[in-house]
Amino acid sequence: MTAPVKIAVFASGSGSNFQAIQEAIERGELHAKVELVVTDKPAAFVVTRAEKFGIPVLALNPKEFASKADYETAIIEALRECGVQWIVLAGYMRLISEVLLAAYPQRIVNIHPSLLPSFPGKDAIGQAIEHGVKVTGVTVHFVDEGMDTGPIIAQAAVAVIEGDREATEMAIHQQEHVLYTKALQQLLK
Ligand code: GAR
């Protein structure tokens, strides 16, 4: 058996996708190891989740760096120290610059709660509801310098539950957890 692929999960918020990935690993569905959780929001709930799993966290406040390049260089140093091979963005609400992209070419993936290219950016679920679409969904894609752009790897549709944002959000998150695990299974093989 080959060694598990070493990944870092980047997150800015709740971290439910991180947890789904970690649980898939623990069930033996994903041959990977989360070496590091990286967050730009030291108070984010993802930190608590990571601690529960005993996974190290790198929490850096970008504002404490002179530039984005310096911030990402500090992250790259930590990733290299743990031998990270792939970067998995899971609710990391920051654009990735050419510094990190050059360090991990074709090795950074993201999940977004819409059928891209529709509704990129923040609050994709709210944007979809506001627009009145009946079907939205989830996209996994490679990351480039744009906002939720980059080649699409996998997509799944989710019906909007009319008049019930909470239920729609729940359905989307459930689909995210399934789709991200499946896509990572294929990519990390
Ligand atoms: C997820 O819905 C993810 O798709 C979205 O943030 C949420 C994070 O949830 N990402 C984006 O909108 C990226 N543009 P989580 O912290 O519970 O995994």
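The structure this text deals with has already been given above.
Quick summary incoming for the structure in this document. Since the model is a prediction, treat every value here as computed from it, not as a measurement.

About the thresholds
- Residues numbered from 1 in each chain as written.
- Predicted model: local features only at pLDDT ≥ 70, side-chain atom pairs only at ≥ 80, totals over all residues.
- Heavy atoms only, no water.
- Phe/Tyr/Trp six-rings, centres within 6.5 Å; stacked < 30°, edge-to-face > 60°.
- Helix = DSSP H or I, 4+ residues; strand = E, 2+ residues; numbered from the N terminus.
- Buried < 20%, exposed > 50% of the residue type's maximum accessible area, 1.4 Å probe, protein only.
- Salt bridge = Lys/Arg side-chain N within 4 Å of Asp/Glu carboxyl O.
- Near = heavy atom within 4 Å.
- Polar contact = N/O pair within 3.5 Å; in protein donor to acceptor, adjacent residues only side chain to side chain.
- Areas by Shrake-Rupley, 256 points an atom, 1.4 Å probe, with all protein chains shown as cover.
- 1 Å grid on protein atoms, 1.4 Å probe; cavity = no way out; pocket = protein on both sides within 12 Å on 5 of 7 lines; lining within 4 Å.
- Sits in = over half its atoms within 2 Å of the grid points.
- Nonpolar A, V, L, I, M, F, W, Y, C, P; charged D, E, K, R; others polar.
- Axes fitted to C-alpha atoms, helices over the stretch in contact; angles between N-to-C directions.
- Parallel < 35°, antiparallel > 145°, perpendicular 65-115°, else oblique.
- Left-handed = near helix turned anticlockwise from the far one by under 90°.
- Contact = heavy atoms within 4.5 Å.

Concerning the packing of aromatic side chains
Then step 1. Evaluated as defined, the whole model comprises three aromatic pairs.
Then step 2. Arranged with centres 5.9 Å apart and planes meeting at 85°, the rings of Phe18 and Phe53 form a pair that is edge-to-face. One end of the pair, Phe18, is in helix α1 (residues 16-26); the other, Phe53, is in helix α2 (residues 45-53), with 35 residues separating them in the sequence.
Then step 3. Look at Phe65 and Tyr71: their rings are 5.7 Å apart centre to centre, the planes differ by 65°, and that puts the pair in the edge-to-face class.
Then step 4. Exposure remark for Phe65: the relative accessible area of 25% places this residue in the partly exposed category.

Remarks on the pattern of salt bridges
Then step 1. In this structure the tally under the stated criterion is six salt bridges.
Then step 2. Across the pair Asp123 and Arg165 runs a salt bridge whose closest N-O atoms are separated by 2.8 Å. In this pair, Asp123 is assigned in the loop between β5 (108-112) and α5 (124-131) and Arg165 in helix α6 (residues 165-187), connecting sequence segments 42 residues apart.
Then step 3. The salt bridge partner of Arg165 is Glu169, with a shortest N-O separation of 2.7 Å. Residue Arg165 and its partner Glu169 are located together in helix α6, separated by four residues, close to a single helical turn.

Considerations on the site of the ligand
Then step 1. In the vicinity of the ligand there are 13 residues, among which Gly15, Ser16, Asn17, His112 and Glu176 approach most closely.
Then step 2. Contact distances for the ligand include 3.0 Å between a nitrogen atom and a side-chain N or O atom of His112.
Then step 3. For the ligand, whose free accessible area comes to 450 Å², the fraction covered by protein is 88%.
Then step 4. Taken atom by atom, the bulk of the ligand overlaps the largest pocket.
Then step 5. Those elements giving two or more residues to the shell around the ligand turn out to be α1, β5 and α6.
Then step 6. Its residues placed into classes, the shell around the ligand shows three nonpolar, eight polar and two charged.

Some remarks on the packing of α1 against α2
Then step 1. Running from amino to carboxyl end, α1 crosses α2 at an angle of 15°, the nearest separation of the two axes being 9 Å. Here α1 lies roughly parallel to α2, going by the angle between them. The two elements α1 and α2 meet at a crossing, and its hand is right-handed. Here Ser16, Phe18, Gln19, Gln22, Glu23 and Glu26 of α1 come into contact with α2, specifically with Val46, Arg49, Ala50 and Phe53.

Considerations on unusual backbone geometry
Then step 1. A cis amide bond, omega 15°, links Leu116 with the succeeding residue Pro117.
Then step 2. By the element assignment, Pro117 lies in the loop between β5 and α5.
Then step 3. Phi angles above zero are rare outside glycine, and Asp148 is one such case at about 60°.
Then step 4. For Asp148, a relative accessible area of 17% translates into the label buried.

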